[in-house]
Amino acid sequence: MSLKHYLITQFGHPRGLTGRFVGWFMAHRSSNRRRGLWVVSLLDPRPTDRVLELGCGPGVAIRELARHAGHVHGVDHSAEMVRQARKRNAAAVRAGRVEVVQASVDRLPRFDAPLDTIMAINTVGFWPDPDQRLVELRGLLRPGGLIALASQPRCPGATAATTAKAGRELRDRLVRAGFTQPRLETLPLDPPVACVLATRPVTGDR
């Protein structure tokens, strides 16, 4: 395995000593932090909201979510990311307002009540059968609940056009999965970030 391929796999599933550094890097990279805080601001969580972040990484967005939402669930398939996210949000975890568990998107834990909001940043590309996963996630939301999928392409040479294409693909996936009222927001970083927000229908849900 080449060094480049090894590093790519580490960012997809951080583990070991390298995974510790990857988590630190993700938590402190300015664009990552700005991206996460921006997505949370688009969601505008309320004190009564129950929020799920898929692929929560080192827990930076969870910390911001916990400042506003009533209860935050974080899920990541990396044990190292779960460890870092729990440490970064230790006080909220102890208070019972944040729960971070190791799980994959196709084997999520059970939630004791419908969720108000679901968010995922730069993780959909790692999901097995993303369209099916989105159908399942729609079922976890309350009617009228909100989902936000964000993408900042990290491929070499990524441009605003790359981001626009990623945004269209996310929007189309959400529509196919039965979500409605999709809207696209863009954060002007380099490359830009696309975030598509959509809702679970209140009536006529299939």
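Refer to the preceding data block for the structure.
Residues numbered from 1 in each chain as written. Predicted model: local features only at pLDDT ≥ 70, side-chain atom pairs only at ≥ 80, totals over all residues. Heavy atoms only, no water.

(A) Expanded view of the overall build of the chain. When its secondary structure is counted, the chain shows eight helices and seven strands. The buried share of the chain, taken over its 206 residues, is 50%. Sequence separation of at least 24 residues holds for 67% of the intrachain contacts in the chain that already meet a minimum separation of 6. For the chain, the exposed surface amounts to about 10400 Å²; the carbon and sulfur share of it is 54%. (Helix = DSSP H or I, 4+ residues; strand = E, 2+ residues; numbered from the N terminus. Buried < 20%, exposed > 50% of the residue type's maximum accessible area, 1.4 Å probe, protein only. Contact = heavy atoms within 4.5 Å. Areas by Shrake-Rupley, 256 points an atom, 1.4 Å probe, with all protein chains shown as cover.)

(B) Molecular detail of the nonpolar core. In terms of nonpolar packing, the biggest core is built from 28 residues, with Val 39, Met 119 and Cys 195 touching the most fellow members. When contributions to this core are tallied by element, the ones reaching two or more residues are helix H3 (30-43), helix H4 (60-66), helix H5 (79-88), strand E3 (98-102), strand E4 (115-121), strand E5 (141-151) and strand E7 (193-199). It is H3 that provides the largest number of residues to this core, a total of five residues. With sequence-adjacent residues up to four places away left out, Val 39 is seen in contact with Met 119, Ile 121, Ala 148, Ala 150 and Cys 195. (Core = buried A, V, L, I, M, F, W, Y, C linked by side-chain atoms within 4.5 Å.)

(C) View of helix H7 (residues 130-140). Burial in H7 covers these residues: Pro 130, Arg 133, Leu 134, Leu 137 and Arg 138. One face of H7 carries all of its buried residues, which in axial projection span an arc of 145°. Looking at the buried side of H7, the elements it contacts are strand E1 (50-54), E4, E5 and helix H8 (160-176). (Arc of directions from axis to C-beta.)

(D) Layout of the sheet that holds E7. Spatial strand order, E3-E2-E1-E4-E5-E7-E6: seven strands in an open sheet with mixed pairing. Of all the strands in the sheet, just E3 and strand E6 (180-187) have a single pairing partner and so form its edges. The mean angle between the axes of side-by-side strands here comes to 15°, regardless of whether they run parallel or antiparallel. Pairing geometry for E4 and E5, over six bridges, is parallel. Paired with Leu 115 across the two strands is Leu 141, which belongs to E5. Running over the sheet, H8 touches E5, E6 and E7 and is turned about 15° from E7. (Pairing = 2+ DSSP bridges. Axes fitted to C-alpha atoms, helices over the stretch in contact; angles between N-to-C directions.)

(E) Up close: the pattern of salt bridges. A full pass over the atoms with the stated rule returns 10 salt bridges. A salt bridge links Arg 67 to Glu 64, with the nearest nitrogen and oxygen atoms 3.0 Å apart. With a closest N to O distance of 3.1 Å, Arg 183 and Glu 185 form a salt bridge. On the accessibility criterion, Glu 185 (27% relative accessible area) is partly exposed. Among the charged side chains, a salt-bridge network with shared partners connects Asp 131, Arg 173 and Arg 176. (Salt bridge = Lys/Arg side-chain N within 4 Å of Asp/Glu carboxyl O.)

(F) Examining H3 more closely. Here H3 contains 14 residues, and its C-alpha end-to-end distance of 20 Å stays within 8% of the 20 Å for a straight helix at 1.5 Å per residue. All of the buried residues along H3 are Ser 31, Asn 32, Arg 35, Gly 36, Trp 38, Val 39, Val 40, Leu 42 and Leu 43. Two residues or fewer after H3 comes Asp 44, characterised by a positive phi angle close to 50°. (Expected span 1.5 Å × (residues − 1).)

(G) Quick peek at the environment of Arg 154. Relative to the assigned elements, Arg 154 resides in the loop between E5 and H8. Along the backbone, Arg 154 and Asn 122 are 32 residues apart, and their C-alpha atoms lie at a distance of 9.1 Å. Aside from chain neighbours lying at most four places away, what touches Arg 154 is Arg 29, Ser 31, Asn 32, Arg 35 and Asn 122. Side-chain polar atoms of Arg 154 contact the side chain of Asn 32, separated by 2.9 Å. Within the local environment of Arg 154, its side chain forms a polar contact with the side chain of Gln 152, the two groups lying 3.0 Å apart. (Polar contact = N/O pair within 3.5 Å; in protein donor to acceptor, adjacent residues only side chain to side chain.)

Read these as geometric descriptors, not functional statements.
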